[in-house]
Amino acid sequence: MENQLYLSSSPHIHSGETTDKVMRKVIYALLPACAVAIYFFGLPALMVLLLCTLGCVAAEGISCKLQGRNMTLGDGSAALTGILLGLNLPPSSPWWLALFGAAIAILIGKQVYGGLGYNPFNPALVARVVLLISFPVQMTSWTSPAPLGSDLDAVTSATPLGAMKTAVMLTGKLPELAHSGFSQYLIGNMAGSLGEVSAIALLLGGGYLLWKRIISWHIPVAFIGSVLIIGGIFWAVSPEKYPNPLFHLLTGGLLLGALFMATDMVTSPVTDKGMLIFGFGCGLLTVLIRLFGGYPEGVSFAILLMNAATPLIDRFCRPKIYGQVEAKV
Amino acid sequence: MSVKAMNLKTFKGGLHPPDGKHDSATKAIETCPLPEELVIPLAQHIGAPAEACVEVGTRVKKGSLIGKAKGFVSVPVHASTSGEVIAVEPRLHPMGKALPAIVIKPDGEDCWDENLTGADPETLSAEELKSRILDAGIVGMGGATFPAHVKLSPPPEKQIDTLILNGVECEPFLTADHRIMLEETERILDGIDILRKVLGIDRAVIGIEDNKPDAIEKMAREAASRNIEVQALEVKYPQGAEKQLIDAITGRQVPSGTLPMEVGVVVHNVGTAAAISDAVRLGRPLVERVISITGPGVNTPKNLLVRIGTSLEFLVEQCDGLNGDPAKIIMGGPMMGQAQLSLEPPAIRGTSGLLIFRKQDLPRLESGPCIRCGRCIGVCPIHLQPTTIAAYARLDLFDEAADYHPLDCIECGCCTYICPATLPLVQSIRYAKAAIMAKKRTL
């Protein structure tokens, strides 16, 4: 009997919540957004999601094999990166764009740094930005939704943020779509990347993550709150030129970014205070890029820039340790 | 005072491990029979081990002195039954190595040493009370085994104003303190009165976790007339850790590197208080204690009143034996207890529980990379950054690790328990602590 006893030191029990279970729950939380994307954009959306996911899983597997590292497919992080990347691409993305993006996400975004846990930037966003800069035509070819079962054809269309940027640049004024149609934005009936269209589906998934305590409220609230407040200030100053903060909230990738991308544990700060600063920085940069930058959408760049600031934020937001006080009596 | 009306107090951090107490919480304390032999180690407390004062062939009675205290931070050791000393030699100790012990063959009479006489605490001075507590070998019975008389001897410049009794028992599975509070309420309260007299203070607060409403109710009912407070505490591990308990009850933080007396508080376990009552009123030294023998690996979990020196194997036999093959034998609770090499070591004064797990009850062992989820930081009751300290420790970068205050770690194990990557965080911190302490000593 004796030689079969474990002698490891305490604690002798574990919560059972392991990395693979955390990743699996995030994937579950993304399923509503995937379903809405497939509903509105049909088979092409399904293809993009599948290609990105399989591409990421394959890239991770091959990379681990070539490097002689332990196979890490089981932790689910590669599949999650693939789904997130797919949700960040236009529905009309060609197959090679999806696969190339998947390879970039895993190889350049993650494995070169040492794999899960060591990457400074969100891998899916690294891939999105690489694709955006390298293939601007394919990455900004948006189609209007053509829901399953409807006889609509998918036609080329601008995203609301894209249309706003064009109108403001040409006329100096906001287009009509920045003032109305919010209920359609809420359910996702607009042009955009797969995952940014349905606010309701994203909120459902985000709520699930909060409920399961996979993410804390700090980053989403600080991110979305600062976009609303900063966007709101601009709107209050000049409603002709700057959109309603609700327009900021419901269009583009804000909800996807704030709930699922900025909250990526590996690339965001570890303390509550740090997360609030991180979320605020993301929100500020998003509004500035959307209103004054060259690109219509700023969420990806904002998160990547704040990813870069994460080590610094962690350094300055160390928790106050119990007992670092003077005696009171 | 009605229990429901009480505000639950707590501390920041911590977590909720599965409670595991239902198997033994309702089992009344039973007296464990006399084993064939008793192995009584001379080191059962923090500080210098006692020095043997008997030899092979010496006849002893229950409570007879067999080891003398050696120095101030040390306590004497006593025979836990009557019989004959048959060996004075190193035996396997719960610490995992052979340490000097006195082996007694019981004569079956189990009669107390007639030289032991009790006294009415009212008639004794604080100093006399304290010397009785020392002579009885009283140590902290929550598991830390710090000599009680040392805690009761604050330097004159430290003004003590609050005595806290630890009835929290936040470790999963353990129910010994719970049963003592229900069944030995009077002895605990008597011990508290003695402790207040020794310290010369009035305020005494018994902290009990809210998962023991029957104990809170009974203690509150009987403590009210003696002007002793009962404070219900939120169920959260490690609520019973000394610093967290002080924080919850008084709102005071014990400064880093100091003792509770720094903030005017002395903390004792409820079981210690009961033992102090016996030590003074009956003159009986600490030779037996209540132990929860539980876990999925024993057939009939029980709370047993056990003579110090009884082998763990004998305790398991009293619980109708092992249920399946044991994979881990733990002395203490599952969060901070010590894994045992076998069932050979004896129960000692700090043994609050004997917990047996089978293979299927243990977590998987392989670790992955840190995903920076920050959970270890959120649960740390000291608000450390366990993953950062552990990362430096893994690289032997102890100077860098020291910047993150590993010496303040209380080793509660919350970080390792919660880590999704199943990293051995607290284990790495222990490693860093040992290295940093070793370096300090050589400077």
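Residues numbered from 1 in each chain as written. Chains lettered and ligands numbered in written order. Predicted model: local features only at pLDDT ≥ 70, side-chain atom pairs only at ≥ 80, totals over all residues. Heavy atoms only, no water.

Caption draft 1: Representation of the packing of aromatic side chains. This structure, assessed with the given rule, holds 11 aromatic pairs over all chains. Seen from their ring centres, Phe-100 of chain A and Phe-135 of chain A are 5.8 Å apart, and the 90° between their planes marks the pair as edge-to-face. Placement of Phe-100 of chain A in helix α4 (residues 95-108) and of Phe-135 of chain A in the loop between α5 (123-134) and α6 (136-139) is noted, with a sequence separation of 35 residues between them. Given the relative accessible area of 37%, Phe-100 of chain A is considered partly exposed. With relative accessibility at 23%, the residue Phe-135 of chain A sits in the partly exposed group. Following the ring pairs from residue to residue traces out a cluster consisting of Trp-96, Phe-100 and Phe-135 of chain A. The residue whose ring lies beneath Lys-212 of chain A is Trp-211 of chain A, and the NZ or CZ to ring-centre distance is 4.5 Å. Positioned above the aromatic ring of Phe-11 of chain B, the side-chain terminus of Lys-236 of chain B is 4.5 Å from the ring centre. (Phe/Tyr/Trp six-rings, centres within 6.5 Å; stacked < 30°, edge-to-face > 60°. Helix = DSSP H or I, 4+ residues; strand = E, 2+ residues; numbered from the N terminus. Buried < 20%, exposed > 50% of the residue type's maximum accessible area, 1.4 Å probe, protein only. Lys NZ or Arg CZ within 6 Å of the ring centre and 35° of its normal.)

Caption draft 2: Helix α1 (residues 19-41) of chain A, seen in detail. All names here are of chain A. Between its terminal C-alpha atoms α1 stretches 32 Å, which fits the 33 Å expected from 23 residues at 1.5 Å a residue. Leu-31 marks where α1 bends most, by close to 35°; the proline Pro-32 follows one to four residues later. Positive backbone phi, at 70°, marks Gly-42, one or two positions downstream of α1. (Expected span 1.5 Å × (residues − 1). Bend = angle between axes of the 7 residues up to and from the residue.)

Caption draft 3: Highlighting the packing of helix α2 (residues 43-67) of chain A against α4 of chain A. All names here are of chain A. Relative to each other, α2 and α4 sit at 40°, their axes nearing to 8 Å. When the axis of α2 is compared with that of α4, the two are oblique. Note that α2 runs across α4; the crossing there is right-handed. For the pair α2 and α4, the contacting residues are Val-48, Leu-51, Cys-52, Gly-55, Cys-56, Ala-59, Glu-60 and Ser-63 in the first and Trp-95, Ala-98, Leu-99, Ala-102, Ala-103, Ala-105, Ile-106 and Leu-107 in the second. For the contact of α2 with α4, the per-class residue count stands at 13 nonpolar, two polar and one charged. (Axes fitted to C-alpha atoms, helices over the stretch in contact; angles between N-to-C directions. Parallel < 35°, antiparallel > 145°, perpendicular 65-115°, else oblique. Left-handed = near helix turned anticlockwise from the far one by under 90°. Contact = heavy atoms within 4.5 Å. Nonpolar A, V, L, I, M, F, W, Y, C, P; charged D, E, K, R; others polar.)

Caption draft 4: Structural view of the interface of chain B and chain A. Each partner contributes residues to the interface: chain B has 66 residues there, and chain A has 43 residues. Taken over both partners, the interface formed by chain B and chain A buries close to 4700 Å², and the fraction arising from carbon and sulfur atoms is 59%. For the pair chain B and chain A, the interface holds two salt bridges. As a salt-bridge pair, Arg-372 of chain B and Asp-314 of chain A come within 3.0 Å of each other at their nearest N and O atoms. The interface formed by chain B and chain A holds 25 residue pairs in polar contact (both at pLDDT 80 or more) in total. Secondary-structure elements contributing two or more residues to the side of chain B that touches chain A are α7 (242-250), β15 (326-331), β16 (338-339), α10 (375-379), α13 (414-418) and α14 (425-442) of chain B. The element that contributes the greatest number of residues to the side of chain B that touches chain A is β15 of chain B, accounting for five residues. (Buried area = accessible area lost by both parts, 1.4 Å probe. Salt bridge = Lys/Arg side-chain N within 4 Å of Asp/Glu carboxyl O. Polar contact = N/O pair within 3.5 Å; in protein donor to acceptor, adjacent residues only side chain to side chain.)

Shape is all these values report; function is a separate question.
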